[in-house]
Amino acid sequence: MNHDEGPVEPTDALERLGAFAARDDWTATGWCRIERSLGLIGTRSAMLIVRELFYGGTRFDELARRTGLSEAVVAGRLKQLYADGIVDRRPYQEPGKRTRDEYLLTDRGRALFPIIVALVQWGELLGDDHRTGVELVHRGCEAPLSAHVRCAKGHDVPLGEAAARLKDEAYAAAARRQPHGSD
């Protein structure tokens, strides 16, 4: 790891806007979208299973084999991914065998695609042998895929031009003033 890049410059962090600028006045615990997302898919095992589902794996035995995870870990993680609405189960039966479930990504699971692309792209920066591994490409022209951050108006937004704010300051302020445990 190269630590010779110097200190973090202010443009290397999101500017905080509005009431969120007073960062110490706000805790992210319990309402942060990153925290919530990581609670659902933030484990290595969850992401390896999601990777294999994107690669077309559907059956328990192939998910366990291709991820290198134990059957117990795969079973527990699939149960959680199902409960969280990321995968769905569909029964199948091979002739002469008992009915089993195969696993498919739901719309919520397929919405992870840009994250998968971003992780592959970021992984290219790790400095290992770039000839190994999987490359995600556009089937139409075979160019590599890349993840980009854009605003709702279509502008590309680098980190130095991005900011963070509370989605609804009035609601957040009212919720913060209510004692915990009250309705």
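Before reading on, note that the structure itself is shown above.
Residues numbered from 1 in each chain as written. Predicted model: local features only at pLDDT ≥ 70, side-chain atom pairs only at ≥ 80, totals over all residues. Heavy atoms only, no water.

1. Some thoughts on the packing of helix α2 (residues 44-54) against helix α4 (residues 71-83)
So, step 1. For the pair α2 and α4, the least separation of the axes is 10 Å and the interaxial angle reads 80°. When the axes of α2 and α4 are compared, the pair comes out roughly perpendicular. Residues Ser45, Ala46, Ile49 and Val50 of α2 touch α4, and the partners they reach there are Val73, Val74, Arg77, Leu78 and Leu81.
So, step 2. Residue classes in the contact of α2 with α4 are distributed as seven nonpolar, one polar and one charged. (Axes fitted to C-alpha atoms, helices over the stretch in contact; angles between N-to-C directions. Helix = DSSP H or I, 4+ residues; strand = E, 2+ residues; numbered from the N terminus. Parallel < 35°, antiparallel > 145°, perpendicular 65-115°, else oblique. Contact = heavy atoms within 4.5 Å. Nonpolar A, V, L, I, M, F, W, Y, C, P; charged D, E, K, R; others polar.)

2. Quick word on the packing of helix α3 (residues 60-67) against α4
So, step 1. Between α3 and α4, the shortest axis-to-axis distance is 9 Å and the interhelical angle comes to 120°. As the angle between them shows, α3 and α4 are arranged oblique. Judged by the sense of rotation from one axis to the other, the crossing of α3 with α4 is right-handed. Contacts between α3 and α4 involve Phe60, Leu63, Ala64 and Thr67 from the former and Glu71, Val74, Ala75 and Leu78 from the latter. (Left-handed = near helix turned anticlockwise from the far one by under 90°.)

3. Observations concerning α4
So, step 1. The terminal C-alpha atoms of α4 lie 18 Å apart, and with 13 residues this matches the ideal 18 Å at 1.5 Å per residue to within 8%.
So, step 2. Within the span of α4, buried status applies to Val74, Leu78 and Leu81. Along α4, the residues classed as buried sweep out an arc of 65° about the axis, all on the same side. The exposed set on the far side of α4, more than 90 degrees from its buried face, consists of Ala72, Lys79 and Ala83.
So, step 3. Where α4 is buried, its residues meet α1 (33-41), α2, α3, β2 (87-92) and β3 (100-105).
So, step 4. Where α4 terminates, the next one or two residues include Gly85, which has phi positive at roughly 75°. (Expected span 1.5 Å × (residues − 1). Buried < 20%, exposed > 50% of the residue type's maximum accessible area, 1.4 Å probe, protein only. Arc of directions from axis to C-beta.)

4. Things to note about the nonpolar core
The nonpolar side chains of soluble globular proteins are, as a tendency, buried together.
So, step 1. Formed by 22 residues in total, the largest nonpolar core has its most connected members in Ile41, Ile49, Leu53, Val74, Leu81, Ile86 and Val87.
So, step 2. Looking at this core, the elements with two or more residues in it are α1, α2, α3, α4, β3 and α6 (113-123).
So, step 3. In terms of residue count, α2 provides more of this core than any other element does, six residues in total.
So, step 4. The contacts of Val87, once residues within four sequence positions are left out, are Leu53, Leu78, Leu81, Tyr82, Tyr103, Leu104, Leu105 and Thr106.
So, step 5. Grouped together as the second largest cluster of nonpolar side chains are six residues, Phe20, Trp26, Ala164 and Ala172 included. (Core = buried A, V, L, I, M, F, W, Y, C linked by side-chain atoms within 4.5 Å.)

5. Observations concerning the side chain of Thr67
So, step 1. Relative to the helices and strands, Thr67 resides in helix α3.
So, step 2. In this structure the side chain of Thr67 is engaged in a polar contact, spanning 3.3 Å, whose partner is the backbone oxygen of Ala64. (Polar contact = N/O pair within 3.5 Å; in protein donor to acceptor, adjacent residues only side chain to side chain.)

So far we have only geometry, and geometry alone does not tell us how the molecule works.
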